[in-house]
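Listed below are the residues making up each chain.
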Amino acid sequence: SPRMLAQNRSHYGEPHVEYVRADVFSWDTDDRFDLIVMGFFVSHVPPARFDGLWARLRTWLRPSGCVWLVDERWQPGFPRAGGRSLAGPSHAHRRRLGGRHYTIVKLFYTPEEITAKLDALGWDADIRGTGERFYAGTASPRR
């Protein structure tokens, strides 16, 4: 969001950092990266866009590059990835934040599930649980 970019720029901005507000599903760049960080984002990717996103990430990495990711993992009481919690898409869930209700995309995976999804797309992933609430790890395109 513009507000978060402005906040980051005012607190941590460096002259060599380029701030870009873009839709990751349509944005593209000729730049290539050693590392792409995805913090608490994978769980919000709609299923129909998952494969395409990882295809894009592959093109943005240098040959030895990787993606590092961290996200909230599935735990008992959470809806399963692909499970239905609303009378709508299986990835839509209701969340209450600050007294208001929101419909959000939220897919809870186990480390094993996200690793298997990436393996099927041609990625070598090392993703592990970091306790009960989160998973984290790296993924590199299989060459």
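Residues numbered from 1 in each chain as written. Predicted model: local features only at pLDDT ≥ 70, side-chain atom pairs only at ≥ 80, totals over all residues. Heavy atoms only, no water.

A. Focus on the pairing of strand β5 (residues 123-129). Note that β5 and strand β6 (residues 134-141) share seven bridges and pair antiparallel. Residue pairing across strands places aspartate 126 opposite threonine 138, the latter belonging to β6. Taking the residues between adjacent antiparallel strands as the criterion, β5 and β6 are bridged by four residues, where glycine 131 takes a positive phi near 110°. (Pairing = 2+ DSSP bridges. Helix = DSSP H or I, 4+ residues; strand = E, 2+ residues; numbered from the N terminus.)

B. Structural view of the side chain of arginine 73. Secondary-structure assignment places arginine 73 in the loop between β2 (61-72) and β3 (92-97). Here arginine 73 is buried and forms no salt bridge, its nearest opposite-charge partner glutamate 112 lying at an N-O distance of 5.1 Å. Polar side-chain contacts of arginine 73 include one of 3.0 Å to the backbone oxygen of glycine 131. (Buried < 20%, exposed > 50% of the residue type's maximum accessible area, 1.4 Å probe, protein only. Lys, Arg positive; Asp, Glu negative; His and termini not counted. Salt bridge = Lys/Arg side-chain N within 4 Å of Asp/Glu carboxyl O. Polar contact = N/O pair within 3.5 Å; in protein donor to acceptor, adjacent residues only side chain to side chain.)

C. Structural detail: the nonpolar core. Core analysis: the largest hydrophobic core is formed by 20 residues, its most contacted members being Met38, Val42, Trp54, Leu57 and Val67. Listing elements by their share of this core, those giving two or more residues are β1 (33-39), α2 (47-60), β2, α3 (111-120), β5 and β6. Top element by residues in this core is α2. It accounts for five residues. Other than its neighbours up to four places away in sequence, valine 42 contacts Phe50, Trp54, Leu69, Asp71, Tyr109, Ile114 and Tyr135. (Core = buried A, V, L, I, M, F, W, Y, C linked by side-chain atoms within 4.5 Å. Contact = heavy atoms within 4.5 Å.)

D. Highlighting the environment of tyrosine 135. Checked against the element boundaries, tyrosine 135 lands in strand β6. Each C-alpha atom of the pair tyrosine 135 and aspartate 71 lies 5.6 Å from the other, and the pair is 64 residues apart in sequence.

E. Summary view of α2. For α2, with 14 residues, the first-to-last C-alpha span of 21 Å sits near the 20 Å given by 1.5 Å per residue. Among all positions of α2, only Phe50, Leu53, Trp54, Leu57 and Trp60 are buried. The arc that holds the buried residues of α2, viewed along the axis, is 115°, so those residues lie on one side. (Expected span 1.5 Å × (residues − 1). Arc of directions from axis to C-beta.)

F. Examining unusual backbone geometry more closely. A positive phi is found at phenylalanine 40, a non-glycine position, where the angle reads about 55°. Overall, phenylalanine 40 belongs to the partly exposed group, its relative accessible area being 40%.

G. View of a negative patch on the surface. Taken together, Glu18, Asp28, Asp30 and Asp31 make up a surface patch of like negative charges. The exposure class of aspartate 28 is exposed, given its relative accessible area of 52%. (Patch = residues over 30% accessible without salt bridge, like charges linked within 9 Å, V, L, I, M, F, W, Y side chains within 5 Å. Areas by Shrake-Rupley, 256 points an atom, 1.4 Å probe, with all protein chains shown as cover. Charge placed at Lys NZ, Arg CZ, Asp CG, Glu CD.)

H. Focus on the sheet that holds β1. The strand order β1-β2-β6-β5 describes an open sheet built from four strands, whose pairing is mixed. Strand pairing shows two members of the sheet lacking a second neighbour, β1 and β5, which therefore form its edges. Within this sheet the neighbouring strands show an average axis-to-axis angle of 15°, counted without direction. Packed onto the sheet, α2 meets β1, β2, β5 and β6 and runs at close to 140° relative to β2. Packing of α3 onto the sheet brings it into contact with β5 and β6, and relative to β5 it is tilted by some 175°. (Axes fitted to C-alpha atoms, helices over the stretch in contact; angles between N-to-C directions.)

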